[in-house]
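# Reading the structure
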Amino acid sequence: MPQPDHTFVAGVAPNDQLDAGRTAWWFVFRGGEIMIHAERAGGSVIPRLGDLADLALEPVRSSFLGHLGGAQVYAAELRDEAAVPDSLSFRGLRALYGLVDDQIFALAGRASQILEWERNHQYCGRCGTPTEQAPGERAKRCPACGLLSFPRLSPAVIVLVERGDDVLLARHTRTTDGMYALLAGFVEPGESIEEAIHREIREEAGIEVDRLTYFGSQPWPFPHQLMIGFTVQYARGDVRVDGEEIADARWFTARSMPKVPPRLSIARRLIDAYAAKHGVTIDQP
Ligand SMILES: [Zn+2]
């Protein structure tokens, strides 16, 4: 079976002439959950429609995102009380992972982030005037004072600390299922990514690290983080936790892994890469 063409080209306005008569991808949210086909019958999990009006749905807001394989892509938000046909249902964005390919999952996250931004920037943050869509770019403009607002991204570092064959994992105080994760935190204004890594690990685990190696990054639409992944090497100090954010942090080996984050996260990609280096496959979802 040929692979579907999933080349995504971001845009801020559709080309109605080129797109005439083609169905679009609709990433539709209601109360923070995404609308999908209730039963997958060989078709797309994400609805393909000419327009939401085809389902008699009227969105609170909608936004053109670009083209996927030549078809238009839209994000839309429904009122919390909006009823949809029985053939459609809603589920949390995290639960979409694995039901769709990685690019569709990423687009759902993009849609969620754009809608979040649209919802939170209806008024100018400086003077309170209702904002307008800026022509030709993904921005909102204040017609009174000219302030431009762009979609918000919050960079955060996520770090796998190695000490010889061991890896440092931490259990957050808000975790209830015993899961151990990686140390992570937001980059602060005026701080480099490297400085953020040293500060976060010092604050959360009380140790010093060196040999920072970039691993990769991942958009994390909960609501708008950009996770920047690194592996680093332990340098000195004894692990001690603050007890407020981190309840426990300790060294594990690839063969003695606790419950770790699910596969959709870059945390898991970092942990899987570490385990693979030691010839171990982690048998967890
Ligand atoms: Zn203004």
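Placed above this text is the structure.
Overview of the structure. (Residues numbered from 1 in each chain as written. Predicted model: local features only at pLDDT ≥ 70, side-chain atom pairs only at ≥ 80, totals over all residues. Heavy atoms only, no water.)

Glancing now at the overall build of the protein. Per the secondary structure count, the protein includes 5 helices and 16 strands. In terms of overall dimensions, the protein has C-alpha extents of about 60 × 55 × 35 Å along its principal axes. The 285 residues of the protein split such that 45% are buried. Restricting to contacts in the protein with at least 6 residues of sequence separation, those with at least 24 account for 63%. Averaging the positions of the 30 positive and the 38 negative side-chain charges in the protein gives two centres separated by 2 Å. (Helix = DSSP H or I, 4+ residues; strand = E, 2+ residues; numbered from the N terminus. Buried < 20%, exposed > 50% of the residue type's maximum accessible area, 1.4 Å probe, protein only. Contact = heavy atoms within 4.5 Å. Lys, Arg positive; Asp, Glu negative; His and termini not counted. Charge placed at Lys NZ, Arg CZ, Asp CG, Glu CD.)

Attention shifts here to the coordination of the zinc ion. When four donors bind a metal tetrahedrally, each ideal donor-metal-donor angle is 109.5 degrees, and when six bind octahedrally, the ideal angles are 90 or 180 degrees. Taken together, Cys124 (SG), Cys127 (SG), Cys142 (SG) and Cys145 (SG) make up the full set of protein donors to the zinc ion, lying 2.3 to 2.4 Å away. Around the zinc ion sit 4 donor atoms; with metal-centred angles ranging over 100 to 120°, the donor geometry is tetrahedral. The sequence pattern formed by the donor residues of the zinc ion is C-x2-C-x14-C-x2-C. Residue class for Cys127 comes out partly exposed when judged on its relative accessible area of 39%. (Donors = N, O, S within 2.8 Å, 3.2 Å for Na, K, Ca; no water. Tetrahedral: all angles 85-135°; square planar, octahedral: opposite > 155°, others 65-115°.)

What follows is about the pattern of salt bridges. Tallying each qualifying case throughout the model produces 15 salt bridges. The partner of Arg119 in a salt bridge is Glu77, and the shortest N-O contact between them spans 2.2 Å. Of this pair, Arg119 sits in helix H3 (residues 102–120) while Glu77 sits in strand E6 (residues 71–78); the two residues are 42 residues apart in sequence, bridging distant segments of the chain. We note a salt bridge from Glu191 to Arg199, for which the minimum N-O separation is 2.6 Å. Summarising the burial analysis for this pair, Glu191 and Arg199 share the class buried. Salt bridges here are not isolated pairs; linked through shared partners, they connect Glu188, Glu191, Arg199, Glu200 and Glu203. (Salt bridge = Lys/Arg side-chain N within 4 Å of Asp/Glu carboxyl O.)

This paragraph deals with the sheet that holds strand E10 (residues 148–149). The 3 strands lie next to each other as E8-E9-E10, forming an open sheet whose pairing is antiparallel. Because the sheet does not close on itself, it has two edges, and the strands there are strand E8 (132–133) and E10. Where E8 and strand E9 (residues 140–141) come together, 2 bridges link them in antiparallel fashion. Bridge pairing in E9 links Glu132 to Arg141. (Pairing = 2+ DSSP bridges.)

Another aspect to go through is the nonpolar core. Within the largest apolar cluster, 47 residues are counted, with the highest numbers of intra-cluster contacts made by Phe27, Ile46, Leu96 and Leu169. Of all the elements, H3 adds the most residues to this core, at 8 residues. Contacts of Phe27, omitting those with residues within four sequence positions, involve Ile34, Ile46, Val73, Tyr74, Ala75, Ala76, Ile104, Leu107, Ala108 and Ala111. In this structure, Leu183, Ile228, Phe230 and Val232 belong to the second largest nonpolar core, which totals 18 residues. (Core = buried A, V, L, I, M, F, W, Y, C linked by side-chain atoms within 4.5 Å.)

Side chains of residues three or four places apart in an α-helix project in the same direction, reflecting 3.6 residues per turn. Its 19 residues place the ends of H3 27 Å apart at the C-alpha level, agreeing with the 27 Å of an ideal helix rising 1.5 Å per residue. With a side-chain oxygen lying 3.0 Å from the backbone nitrogen of Gln103, the N-terminal cap of H3 falls on Asp101. (Expected span 1.5 Å × (residues − 1). Polar contact = N/O pair within 3.5 Å; in protein donor to acceptor, adjacent residues only side chain to side chain.)

Let's shift gears to helix H4 (residues 193–205). For H4, built from 13 residues, the straight-helix expectation of 18 Å at 1.5 Å per residue is met to within 8% by its first-to-last C-alpha distance of 18 Å. Those residues of H4 that fall on the buried side of the exposure criterion are Ala196, Ile197, Arg199, Glu200, Ile201, Glu204 and Ala205. Downstream of H4 by one or two residues, Gly206 has phi in the positive range, about 75°.

When its volume is computed, the largest pocket comes out at roughly 660 Å³. Forming the boundary of the largest pocket are 24 residues, of which His172, Arg174, Ala184, Trp220 and Met227 lie nearest the centre. Counting residues per element, the lining of the largest pocket draws most heavily on strand E13 (residues 183–186), which supplies 3 residues. The residue inventory of the lining of the largest pocket, partitioned by class, reads 14 nonpolar, 6 polar and 4 charged. (1 Å grid on protein atoms, 1.4 Å probe; cavity = no way out; pocket = protein on both sides within 12 Å on 5 of 7 lines; lining within 4 Å. Points joined across faces, edges and corners; volume = space filled by probe spheres on them. Nonpolar A, V, L, I, M, F, W, Y, C, P; charged D, E, K, R; others polar.)

A few words now on the pairing of strand E2 (residues 24–30). Counting buried positions along E2 yields 6 of 7 residues, so the element is predominantly enclosed. Sheet topology note: the E2/strand E4 (residues 48–49) ladder contains 2 bridges and is antiparallel. Bridge assignment links Ala24 to a residue of E4, and that residue is Leu49. Note that E2 and E6 share 6 bridges and pair parallel. Residue pairing in the sheet places Val28 in a bridge with Ala76 of E6.

Take it as geometry only, folks, not as evidence of what the structure does.
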